[in-house]
Amino acid sequence: MYIGNKVGNKELLALTKKAFDNDEVAEFLCGENGYSVHGNPDIPANIPTDFNRIVVNGIYKLYALTKDEAVVSKTKSALKRLIDGTPVNVWVAFMIVRPWLSEYEKGRAPFNIADDDILLSLRRSLLANESELRRCKVFLGENCENGLWQDILRIDQNYKEDMGIGVL
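Calculation criteria
Residues numbered from 1 in each chain as written. Predicted model: local features only at pLDDT ≥ 70, side-chain atom pairs only at ≥ 80, totals over all residues. Heavy atoms only, no water. Phe/Tyr/Trp six-rings, centres within 6.5 Å; stacked < 30°, edge-to-face > 60°. Helix = DSSP H or I, 4+ residues; strand = E, 2+ residues; numbered from the N terminus. Salt bridge = Lys/Arg side-chain N within 4 Å of Asp/Glu carboxyl O. Buried < 20%, exposed > 50% of the residue type's maximum accessible area, 1.4 Å probe, protein only.

*Asks:* I'm lost on the packing of aromatic side chains in this one. Help?
*Replies:* Both the distance between ring centres and the angle between the ring planes are used here to describe each pair of aromatic rings. Counted by the stated rule, this structure contains six aromatic pairs. With centroids separated by 5.7 Å and ring planes inclined at 10°, the aromatic side chains of W91 and F139 adopt a geometry described as stacked. On the criterion of sequence distance, the pair formed by W91 in helix α5 (residues 87–105) and F139 in the loop between α7 (130–135) and α8 (147–163) is long-range, its members being 48 residues apart. An aromatic cluster is built from Y60, Y63, W100 and F111, whose rings are joined through pairwise contacts.

This is the structure in structure tokens:
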């Protein structure tokens, strides 16, 4: 199991600002290069970073404090880079977009990154990488017969049932 840095919200905001200042947003989203963030030790998860937390307490908070449109554009650029990247990068993009859709639908996201362009690109990339994602036995796909693809299907189905919105 992978356990990243356990940081408070103040440290998370500082890491978020650092990632945006250094144009390392994709790395931040992936939990790479010192950007792995976890906060609740009682919720062990085999993930590279706490995706929901870095979005809500990192990116949303930075945008709320700065109102800097570069936060929006850099987040979208990083997502596009991940969508065009490795199968694990595509999974990370999915893990970022899913909770973002939920937060946006509930009126809690300060801006939308999951526009039609991102969603269509993500769907295409997920489907194009299905075979590789089935073989990818890291993180939440570690003990799954169909690797990360199985996790993607499970999460997408939950969102379809709860919100009527699916990526696939």
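*Asks:* How do you make sense of the pattern of salt bridges when you look at a structure like this?
*Replies:* A side chain with one charge can pair with a side chain of the opposite charge if their charged atoms come near. The final tally for this structure, using the stated rule, is eleven salt bridges. Notably, a salt bridge pairs K76 with D115, separated by 2.9 Å at the nearest N-O pair. Of this pair, K76 sits in helix α4 (residues 69–83) while D115 sits in the loop between α5 and α6 (116–128), placing them 39 residues apart in sequence. Given the relative accessible area of 21%, K76 is considered partly exposed. On the accessibility criterion, D115 (25% relative accessible area) is partly exposed. Ionic contacts of the salt-bridge type, sharing partners, join the residues R98, D156 and K160 into one network.

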